[in-house]
Amino acid sequence: KRLNMTAEVKVEEKQVESAVVIASVEEETTVKVVVEEEKETKVEEEEDESKPKGVEKISSFKEESDFFSDLKESEKKALSDLKTKLEEAITENTLLKESPVKVEKKKSEAIVTEEEAKAETSEPAVVAEDSPKEEAKTDANAETIEKESPEEEVKAETVDNDIELWGVPLLPSKGAEGTDVILMKFLRARDFKVNEAFEMLKKTLKWRKEHKIDSILGEDFGEDLASAAYMNGLDLESRPVCYNIYSAFGNEELYQSRENLLRWRFQLMEKGIQKLDLKPGGVTSLLQIHDLKNCPGLYKKELWVAIKNAIVALQDNYPELVFINVPFLFYAGSTLLSPFLTQRTKSKFVVTRPANVTETLLNYIPAEEIPVQYGGFKRYDDTEFSNEAVSEVVVKPGSSETIEIPAAETEGTLVWDIAVLGWEVSYKEEFVPANEGAYTIIVQKGKKIGSNEGPLRNSFKNSESGKIVLTVDNVSSKKKKRVLYRYRNKTESSC
């Protein structure tokens, strides 16, 4: 188990959730029913789910293995065939060319001859006297081309033999352990069709060269775009998480330069890939969160053209890296972007409505890594907590539960975070001294908390030993409530 507190998540692994295209309300309802049935079955099997238990590491999506031994025979053959094609293309220096060098050389000679013919035809009076010189000059140029061609060929081959993608050598005979991982991404993106995967790889390499992607990390796009997308934390599988915040584009200045916007987004992608470990068994993909809350409407034509271009470029040139397990925050977003996505990309979308955002994200990201604005406990530049465990307790309908935080020290400060998914409960906080004759101190009066409330943080400085008691009253509700919490006992020695 990942954490050592008193709780255990009541959600089972749900392979189906990450493999369904949510294209209609009906389909979303079907998925939701399946998930809820799984949860309820788990609840019935538990002896007493109301007891706090440590939050267990879960995952609703299992990425395909990158180990060669785990592949099907047909997949092994496809990988072997792709490696053979790639080895041949690199060693013969044809990977980034439309045709072999020898053919191109003949074409270049033919072009020179045609140009001579045109010159003689269009300017006969001028060429008549000087034709010997022109012919000599042309012959000299041709000889120069022929002499330089072999040197250029050697130079090109040397560069191509060392060609890399995301820091991984692509020449199979070099034996780099990340080469298979890279090639498998292109194969999976094209359903293991070798020729299509090979063409996709070639186009990606040409695209990177044309757009100078390998040097994009050194470019400065300023701070204005930083709020539109950023890397923040890791998910349950240690994948870097990228949050895409579309409300930031209410500021039209951010997308006035479409080229600048696209290059900034490609740079962010490259920064994320730098955090990966591209080898079998390593972290080889990112988790993308797209938040469409308060997103500018469809009338922002320039914005949506830029978004479409970015999405198409990302899925075409970053296969199996962009949309792995994507909780697409707010249902409407799927209909806006769906036409620009491949079927495999769409198959990895998970769509959730605003009321279910936190619960959906918890299937992929631990509570301590989810930003507080999405119902988690992660706050910017937080100094109160470091590695404290998050615990969970379930409050059944028509009942209440208490969470006790011990204060063993005679003097110290207790700090705690608490979040109730969906809230709509009554909540209060008290300090109960260990001395039975002492009075209970009300820290937070009991009050009804609405569904829009986010996580709460509070603290209490005690002068005697005792305990903080947090009470969650779910008496008036017909739904069970998941309560997440963590705490820290700060003493003078720990501050």
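Refer to the preceding data block for the structure.
Only a predicted model underlies this, so the values are computations on that prediction, with no experimental measurement involved. (Residues numbered from 1 in each chain as written. Predicted model: local features only at pLDDT ≥ 70, side-chain atom pairs only at ≥ 80, totals over all residues. Heavy atoms only, no water.)

Another aspect to go through is the overall build of the protein chain. Within the protein chain one finds eleven helices and 16 strands. Considering the protein chain as a whole, with its 495 residues, one finds that 45% of them fall into the buried category. A fraction of 77% describes how many contacts in the protein chain between residues 6 or more apart in sequence connect residues 24 or more apart. Surface summary for the protein chain: the accessible area is close to 25800 Å², and the carbon and sulfur share equals 48%. (Helix = DSSP H or I, 4+ residues; strand = E, 2+ residues; numbered from the N terminus. Buried < 20%, exposed > 50% of the residue type's maximum accessible area, 1.4 Å probe, protein only. Contact = heavy atoms within 4.5 Å. Areas by Shrake-Rupley, 256 points an atom, 1.4 Å probe, with all protein chains shown as cover.)

This paragraph deals with the sheet that holds strand β12 (residues 425–433). The sheet built from four strands is open, its strands ordered β10-β15-β12-β13 with antiparallel pairing. Only two strands of the sheet have a single partner each, and these edge strands are β10 (400–407) and β13 (441–449). Averaged over all pairs of adjacent strands, the angle between their axes in this sheet comes to 15 degrees, without regard to strand direction. Where β12 meets β13, six bridges bridge the pair, whose relative direction is antiparallel. Across the sheet, S426 pairs through a bridge with K448, a residue of β13. (Pairing = 2+ DSSP bridges. Axes fitted to C-alpha atoms, helices over the stretch in contact; angles between N-to-C directions.)

Turning our eyes to something else, we now look at the packing of helix α2 (residues 73–91) against helix α6 (residues 194–210). It is at 10 Å that the axes of α2 and α6 come closest, and there the two elements cross at 45 degrees. With respect to α6, the axis of α2 lies oblique. The two elements α2 and α6 meet at a crossing, and its hand is right-handed. Contacts from A78, D81, L82, K85, L86 and A89 of α2 reach α6 at V194, N195, A197, F198 and L201. (Parallel < 35°, antiparallel > 145°, perpendicular 65-115°, else oblique. Left-handed = near helix turned anticlockwise from the far one by under 90°.)

Here α6 crosses helix α8 (residues 301–317) at 120 degrees, and the two axes come no closer than 9 Å. What the angle tells us is that α6 and α8 run oblique. Mapping the contact onto sequence places M200, K203, T204 and W207 in α6 and A313, Q315, D316 and N317 in α8. Taken together, the residues of the contact of α6 with α8 sort by class into three nonpolar, three polar and two charged. (Nonpolar A, V, L, I, M, F, W, Y, C, P; charged D, E, K, R; others polar.)

On the surface, D220, E223, D224 and E253 cluster together to form a negatively charged patch. Along the chain, D220 turns up in the loop between α6 and β4 (229–234). With relative accessibility at 71%, the residue D220 sits in the exposed group. (Patch = residues over 30% accessible without salt bridge, like charges linked within 9 Å, V, L, I, M, F, W, Y side chains within 5 Å. Salt bridge = Lys/Arg side-chain N within 4 Å of Asp/Glu carboxyl O. Lys, Arg positive; Asp, Glu negative; His and termini not counted. Charge placed at Lys NZ, Arg CZ, Asp CG, Glu CD.)

If you walk through the whole model with that rule in mind, you get nine aromatic pairs. Seen in terms of ring centroids, W207 and Y318 are 6.1 Å apart; in terms of plane orientation they differ by 85 degrees. Their pairing is edge-to-face. With W207 in helix α6 and Y318 in the loop between α8 and β7 (326–329), this pair connects stretches of sequence that are 111 residues apart. As far as the burial class goes, W207 and Y318 line up, both buried. (Phe/Tyr/Trp six-rings, centres within 6.5 Å; stacked < 30°, edge-to-face > 60°.)

What follows covers empty space enclosed by the protein. Tallied over the entire structure, the rule returns four cavities of 30 Å³ or more. Looking at the largest cavity, its volume works out to about 200 Å³. For the largest cavity, the lining is made up of 16 residues, of which N244, Y246, R265, I307 and A310 are closest to its centre. Elements that contribute at least two residues to the lining of the largest cavity include exactly β5 (240–245), α7 (258–274) and α8. It is α8 that provides the largest number of residues to the lining of the largest cavity, a total of five residues. (1 Å grid on protein atoms, 1.4 Å probe; cavity = no way out; pocket = protein on both sides within 12 Å on 5 of 7 lines; lining within 4 Å. Points joined across faces, edges and corners; volume = space filled by probe spheres on them.)

According to the stated counting rule, one finds 21 salt bridges in the structure shown. Between E302 and R258 there is a salt bridge; the shortest N-O distance is 2.8 Å. Taken together, the residues E302 in helix α8 and R258 in helix α7 connect sequence positions 44 residues apart. Judged by its relative accessible area of 41%, E302 falls in the partly exposed class. R258 sits in the partly exposed class, given a relative accessible area of 29%. The network of salt bridges with shared partners includes D382, D417, R457 and R486.

An α-helical turn contains 3.6 residues, so a residue and the one three or four places further along point in the same direction. With 17 residues, α7 should cover 24 Å at 1.5 Å per step; its first-to-last C-alpha distance of 25 Å lies within 8% of that length. Counting buried residues in α7 gives twelve out of 17 residues, a clear majority hidden from the surface. Among the residues of α7, L261, L262, R263, W264, R265, F266, Q267, L268, M269, E270, G272 and I273 are the ones counted as buried. Buried-residue contacts for α7 involve α6, β4, β5, β6 (287–291) and α8. (Expected span 1.5 Å × (residues − 1).)

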